[in-house]
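Tertiary structure, described
What follows is each chain in one-letter form.
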There are 2 protein chains.
Amino acid sequence: MSDSVSIKIRLHNQDAVALGPGKADLLDAIVQHGSISAAGRAMGMSYKRAWDLVNTMNLSFSKPLVVTAKGGSHGGGAEVTEFGQSILTAYRDLEKKAYQSIAEDLEKITQLLGG
Amino acid sequence: MSDSVSIKIRLHNQDAVALGPGKADLLDAIVQHGSISAAGRAMGMSYKRAWDLVNTMNLSFSKPLVVTAKGGSHGGGAEVTEFGQSILTAYRDLEKKAYQSIAEDLEKITQLLGG
């Protein structure tokens, strides 16, 4: 029944969301595509939006999660730093643990769903 | 550091969200205020919106979570059924378990936040 529940974990830093489901997916997409614009495009968001999310992440943590290569903001590629990778892995682990922690109890509730 | 993380759990039933943070808060508010309109008002939502959420919950589960008293849809009061109470309690328990499951690991990540 795991498809009948979603858990969204958001880490807040002051007023900003430092990391959440969308930003984590964006990090995955940057790893896959090697650039912020391509990653954003793959997720159906504008370059500006993708860059804003990256910027928020980079400013929220003690070190950057994403660095861009030379060639201007639109030109070069981007990569997720080792630090960013470890944050992303830790976040995915949080998600897994949260799902696992409720799996058993969840079954009792979802059995009460009508559809 | 528990204030630096939020976990939102949503139970899906087909295309609808059967229960999530907003609907759970609405159930709490109906318990407190004894009517759907007063509960909605206390949460800053329209009567229509509050009723839509109640309707979705009632249709999503095998039995109603909220019943309205006589006097027309706007007139009488409303109460959360015993079934609704048990669903709400189970949902709050899921939230607690999810938070507890990640508390220790979370501390490691939040120490890496810059602000």
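Owing to the predicted nature of the structure, the values given are computational and were not obtained by experimental measurement.

A few words now on the overall build of chain A. Along the backbone of chain A there are four helices and four strands. In sequence order, chain A lays out its α and β elements as β-β-α-α-α-β-β-α. Its C-alpha atoms put chain A at 55 × 30 × 25 Å along the principal axes. Going through the 115 residues of chain A one by one, you find that 43% of them count as buried. Across chain A, every contact between residues at least 6 apart in sequence was considered, and the portion connecting residues at least 24 apart equals 50%.

This part is about the environment of Leu113(A). Tracing the chain through its elements places Leu113(A) in the segment after helix 4 (82-110). Residues Leu113(A) and Ser4(A) lie 109 residues apart in sequence; the distance between their C-alpha atoms is 9.9 Å. Ignoring any residue separated from it by four or fewer positions in sequence, one finds Leu113(A) in contact with His12(B), Asn13(B), Ala18(B), Ser60(B), Phe61(B) and Ser62(B).

On to the relation of the copies chain B and chain A. At an RMSD of 0.0 Å, chain B and chain A line up after a rotation of 180° and a shift of 0.0 Å along the axis. Accordingly, the operation relating the two chain copies is best matched by a two-fold axis. Residue by residue, 100% of the interface of chain B is reproduced at the interface of chain A, so both copies engage with the same surface.

Right, let's get into the nonpolar core. If you look at the biggest cluster of nonpolar residues, it comprises 68 residues, and the most contacted ones within it are Phe61(A) and Phe61(B). Not counting residues within four places of it along the chain, the set of residues in contact with Phe61(B) comprises Ile109(A), Leu112(A), Leu113(A), Gly114(A), Leu11(B), Ala18(B), Leu19(B), Phe83(B) and Ile87(B).

Residues and elements named next belong to chain B. In this fold, lysine 23 is placed in helix 1 (residues 21-33). Of the side chains with opposite charge, aspartate 52 comes closest to the buried, unpaired lysine 23, at an N-O distance of 10 Å. Among the polar contacts listed, one links the side chain of lysine 23 to the backbone oxygen of valine 17, at a separation of 2.8 Å. When residues no more than four places from it in sequence are discounted, the contact partners of lysine 23 are Val17, Ala18, Leu53, Thr56 and Met57.

It is worth spelling out the sheet that holds strand 2 (residues 16-19) of chain A at this point. The four strands lie next to each other as 2(A)-1(A)-1(B)-2(B), forming an open sheet whose pairing is antiparallel. With partners counted over all chains shown, the strands left at the sheet margins are strand 2 of chain A together with strand 2 (16-19) of chain B, one partner each. On average, each strand axis in the sheet is tilted by 50° relative to the strand beside it, whichever way the strands run. Examined bridge by bridge, strand 1 (residues 5-13) of chain A and strand 1 (residues 5-13) of chain B share seven bridges and lie antiparallel to one another. Its bridge partner being in strand 1 of chain B, Val5(A) is matched across the sheet by Leu11(B). Lying over the sheet, helix 3 (residues 47-60) of chain A contacts strand 1 and strand 2 of chain A, oriented at roughly 85° with respect to strand 2 of chain A.

Time to look at the interface of chain B and chain A. Counting residues at the interface gives 31 residues for chain B, matched by 31 residues for chain A. Taken together, the two surfaces of chain B and chain A that pack against each other cover about 2,900 Å², and 63% of this comes from carbon and sulfur. By the criterion of area lost to chain A, the three top residues of chain B are Ile109(B), Leu112(B) and Leu113(B), representing 19% of everything that side buries. Remark: the boundary between chain B and chain A carries two salt bridges. The residue Lys97(B) makes a salt bridge to Asp105(A) at a minimum N-O spacing of 2.7 Å. Counting the contacts that link chain B with chain A gives 13 residue pairs in polar contact (both at pLDDT 80 or more). Counting residues per element, the ones that place at least two in the side of chain B that touches chain A are strand 1 and helix 5 (82-110) of chain B. For the side of chain B that touches chain A, the element with the most residues is helix 5 of chain B, which contributes 12 residues. Tallied by class, the residues present in the side of chain B that touches chain A amount to 17 nonpolar, 10 polar and four charged.

This part takes up the environment of Thr56(B). Residue and element names in this part refer to chain B. If you trace the backbone, threonine 56 turns up in helix 3 (residues 47-60). The exposure class assigned to threonine 56 is partly exposed, which follows from its relative accessible area of 25%. For threonine 56 and asparagine 13, which are 43 residues apart along the polypeptide, the C-alpha to C-alpha distance reads 9.8 Å. Not counting residues within four places of it along the chain, the set of residues in contact with threonine 56 comprises Ala16, Val17 and Lys23.

What counts, and where the lines are drawn
Residues numbered from 1 in each chain as written. Chains lettered and ligands numbered in written order. Predicted model: local features only at pLDDT ≥ 70, side-chain atom pairs only at ≥ 80, totals over all residues. Heavy atoms only, no water. Helix = DSSP H or I, 4+ residues; strand = E, 2+ residues; numbered from the N terminus. Buried < 20%, exposed > 50% of the residue type's maximum accessible area, 1.4 Å probe, protein only. Contact = heavy atoms within 4.5 Å. Least-squares fit on C-alpha atoms with pLDDT ≥ 70 in both. Core = buried A, V, L, I, M, F, W, Y, C linked by side-chain atoms within 4.5 Å. Lys, Arg positive; Asp, Glu negative; His and termini not counted. Salt bridge = Lys/Arg side-chain N within 4 Å of Asp/Glu carboxyl O. Polar contact = N/O pair within 3.5 Å; in protein donor to acceptor, adjacent residues only side chain to side chain. Pairing = 2+ DSSP bridges. Axes fitted to C-alpha atoms, helices over the stretch in contact; angles between N-to-C directions. Buried area = accessible area lost by both parts, 1.4 Å probe. Nonpolar A, V, L, I, M, F, W, Y, C, P; charged D, E, K, R; others polar.

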